[in-house]
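# Breakdown of the fold
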Amino acid sequence: MNPNEAELHYPLGDAVPAPGSAIDVAPGVRWLRMGLPFALDHINLWLLRDVHEGIEGWTIVDCGIANDATRAAWEQVFSTRLDGLPVLRLIVTHMHPDHIGLAHWLTERWQCRLWISATDFNAARLASQSTTGFGGERSALFFASHGLTDPDAIAKVRGRSNYYASMVPSVPECYRRLMDGMTLDIGGHAWRCIAGYGHAPEHIALHAPALDVLIAGDMLLPRISTNVSVHDLEPESDPLTQFLTSIKRFDALPATTLVLPSHGKPFTGLHARTRQLHEHHAERLAEVMAACAVRPCHAADLLPVLFKRKLDLHQTTFAMGESIAHLHALWHAGKLLRRAGDDGVWRFAAA
Ligand SMILES: [Zn+2]
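Since the model is a prediction, treat every value here as computed from it, not as a measurement. Residue numbers restart at each chain and count upward from 1, following the sequence in its written direction. With the structure being a predicted model, the display of local features is reserved for residues of pLDDT at least 70 and the display and counting of side-chain atom pairs for 80 or more, all residues being used for whole-chain, interface and lining totals. Hydrogens and water molecules were not included; the side-chain quantities draw on all heavy atoms of the structure.

## A few points about the side chain of His 298
Formally: Only DSSP runs of H or I covering at least 4 residues are called helices, and only runs of E covering at least 2 are called strands; the numbering of each starts at the N terminus. Contacts described as polar in this section are N or O atom pairs within 3.5 Å, which, within protein, must combine one atom able to donate a hydrogen with one able to accept it, while residues neighboring in sequence count only if both atoms come from side chains.
Looking at the element boundaries, His 298 is found in the loop between helix 10 (270-294) and helix 11 (303-307). At a separation of 3.2 Å, a polar atom in the side chain of His 298 contacts the main-chain amide nitrogen of Ala 300.

Here you go:
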């Protein structure tokens, strides 16, 4: 356990549900876990006991990626963990493949509606149908313009044009829109939508005050800091400031809130966790500022400053997005200025 984690509390202990099984974490709230083929090897999903339009059943929150193992685990859940009741609706917190991958299959399987923010619905539809603009050539050019020169890394990014669609082959054709501040009645409990930015286009977390539960999605994770990256689709964006501003909203929730994260174990201590994340990024920003005060730096220059360990190619692409995010936070705040050199690479210097 790292020192940050020692400030959190895991009220359910070390138990985690095996794929296809479930653990009850609050009245009418069931925790599921599915595998992922990454270094981050699992995602948590949730079942909420519901009565919708007069019918008793379940609402699913998040899906897992589209592969046979995840579909098989879902079938096992359907036959053993739904108390013989149907799935009535599907809520998806955001557009990333591990969250929306099986939405098309689940909504067809149960003839139910997908509920998601409009921004993420449209981004997911576009990404699953597009062979340009998500990964591929445009992404390779973008990273090169921020100083990535390793030909193997550039080739890997260029070749990844089908990355999203391989995990999200299709997205439902229609949806019901979730917006910040909306309250959903799920099984007689009010669940309020809390929008968050910086990790996904418009992430929706769900808070049930009467249950003292927050479904945090990827906005608040106990062990790892949420990925916050600049992408080629929005090349001047400032996702780190958006993220840090967004998580302040969780500080208004009670200290006793049980946080249900998409990765890791359910925890309490959300105020400590938001403080840790602010401190973590403040330290990284200070390091970036110090490096840029010595000489103008591009995002690739800062990888050893920010990450302090050898990165493989896959990690390098994530790390580049995060490095640009830290530079952009300081640039948008007026602390750094940027200039493109004769080589077309953006370098940032103290203002
Ligand atoms: Zn995510």
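Anyway, onward from the coordinates.
## Notes on the sheet that holds strand 11 (residues 213-217)
What links the strands of a sheet is backbone hydrogen bonding, and the strands pair in either a parallel or an antiparallel sense. What counts here: At least two bridges found by DSSP between two strands is the condition for calling them paired. Here the axes come from fitting lines to C-alpha atoms, over the contacting stretch only for helices, and the angles between their N-to-C directions go from 0 to 180 degrees.
The five strands are arranged 8-9-10-11-12 in an open sheet whose pairing can be described as mixed. Where the open sheet ends on each side, the last strands, each with one partner, are strand 8 (183-186) and strand 12 (258-261). Going from strand to strand, the sheet's axes swing by 25° on average, the running direction of each strand aside. Sheet topology note: the strand 11/strand 12 ladder contains four bridges and is parallel. Bridged to Gly 217 within strand 12 is Pro 261.

## What about the state of the cysteines?
Quick note on the threshold: Criterion for a disulfide: a pair of cysteine sulfur atoms at a distance within 2.5 Å.
Tallying each qualifying case throughout the model produces zero disulfides. Considering cysteine sulfurs only, Cys 63 is the nearest to Cys 112, which forms no disulfide, with 9.2 Å between them. Looking at the unpaired Cys 297, the closest cysteine sulfur is the one in Cys 292, lying at 4.3 Å.

## Some thoughts on the coordination of the zinc ion
Between any two of four tetrahedral donors, the ideal angle at the metal is 109.5 degrees; between two of six octahedral donors, it is 90 or 180 degrees. Counted only if it meets this: Counted as donors are the N, O and S atoms within 2.8 Å of the metal, or 3.2 Å for Na, K and Ca, while water is not among the atoms, so some sites may look incomplete. For each residue, the accessible area found with a 1.4 Å probe, counting protein chains only, is set against the maximum for its type, and the residue is called buried under 20%, exposed over 50%, and partly exposed in between.
For the zinc ion, the protein coordination sphere consists of His 94 (NE2), His 96 (ND1), His 199 (NE2) and Asp 218 (OD), at 2.1 to 2.2 Å. For the zinc ion, the single-chain donor residues occur in sequence as H-x1-H-x102-H-x18-D. Of this pair, His 94 sits in the loop between strand 5 (87-91) and helix 3 (97-100) while Asp 218 is found in the loop between strand 11 and helix 9 (239-248), placing the two residues 124 residues apart along the sequence. The class for His 94 is buried, based on a relative accessible area of 0%. By relative accessible area, which is 5% here, Asp 218 ends up buried.

## Considering the nonpolar core
Here is the rule we go by: Take the buried residues of types Ala, Val, Leu, Ile, Met, Phe, Trp, Tyr and Cys, join any two whose side-chain atoms come within 4.5 Å, and each joined set is a nonpolar core. Only heavy atoms matter for contacts: two residues are in contact if any of them lie within 4.5 Å across the pair.
Counting residues in hydrophobic clusters, the biggest one holds 48 residues, and the most contacted among them are Leu 214, Phe 250, Val 288 and Leu 327. Mapped onto this core, the elements with two or more residues apiece are helix 6 (136-144), helix 7 (151-158), strand 11, helix 9, helix 10, helix 11 and helix 12 (313-332). In this structure, Phe 250 is in contact with Ile 194, Ala 205, Leu 214, Met 219, Leu 220, Leu 270, His 271 and Thr 274, ignoring residues within four places of it in sequence. Ranked by size, the runner-up nonpolar core spans 37 residues in total, among them Ala 22, Ala 73, Val 77 and Ala 124.

## Quick word on unusual backbone geometry
Phi angles above zero are rare outside glycine, and Gln 111 is one such case at about 50°. Relative to the assigned elements, Gln 111 resides in the loop between helix 4 (103-110) and strand 6 (113-117). What makes Gln 111 exposed here is its relative accessible area of 66%. Positioned with a positive phi, Asp 212 is a non-glycine residue whose angle comes to about 60°. As for its position among the elements, Asp 212 is in the loop between strand 10 (203-208) and strand 11.

## Some remarks on the packing of aromatic side chains
When we look at a pair of aromatic rings, we describe it by the centre distance and by the angle of the planes. Just so we agree on the cut-off: In this analysis, rings of Phe, Tyr and Trp, with Trp reduced to its six-membered ring, are considered paired at centre separations within 6.5 Å, and the interplanar angle assigns stacked below 30 degrees, edge-to-face beyond 60, and tilted for intermediate values.
Taken as a whole and judged by the stated rule, the model has seven aromatic pairs. With 6.2 Å between their ring centres and 25° between their planes, Trp 31 and Trp 46 make a pair best called stacked. Taken together, the residues span a long stretch of sequence, with Trp 31 in strand 2 (residues 29-35) and Trp 46 in strand 3 (residues 42-52) at a distance of 15 residues. In this structure Trp 31 comes out as buried when scored by relative accessible area, which is 0%. Given a relative accessible area of 1%, Trp 46 falls into the buried group. Among the aromatic side chains, those forming a connected cluster through ring pairs are Trp 74, Phe 78, Trp 105 and Trp 110.

## Side note on the layout of surface pockets
Here is the rule we go by: In this analysis the probe radius is 1.4 Å and the grid spacing 1 Å, with only protein atoms considered; a cavity is a set of points the probe fits into but cannot get out of, a pocket is an open set with protein on both sides within 12 Å along at least five of seven lines, and lining residues have an atom within 4 Å of a point. Grid points are joined across faces, edges and corners, and a volume is the space filled by probe spheres set on the points.
Of the pockets and cavities examined, the second largest pocket occupies roughly 220 Å³. For the second largest pocket, the lining is made up of 14 residues, of which Asp 150, Leu 303, Lys 310, Leu 311 and Thr 316 are closest to its centre. Mapped onto the lining of the second largest pocket, the elements with two or more residues apiece are helix 11 and helix 12. Ranked by residue count, the leading element in the lining of the second largest pocket is helix 11, at three residues.

## Quick look at the pattern of salt bridges
Here is the rule: One speaks of a salt bridge when a side-chain nitrogen belonging to Lys or Arg is within 4 Å of a carboxyl oxygen belonging to Asp or Glu.
The tally for this structure, following the rule as stated, stands at 17 salt bridges. Here Arg 49 ties to Glu 56 by a salt bridge, and the two come within 3.0 Å at their closest N and O atoms. The shortest N-O distance in the salt bridge between Glu 287 and Arg 284 comes to 3.0 Å. In this pair, Glu 287 and Arg 284 both sit in helix 10, three residues apart, roughly one turn of the helix.

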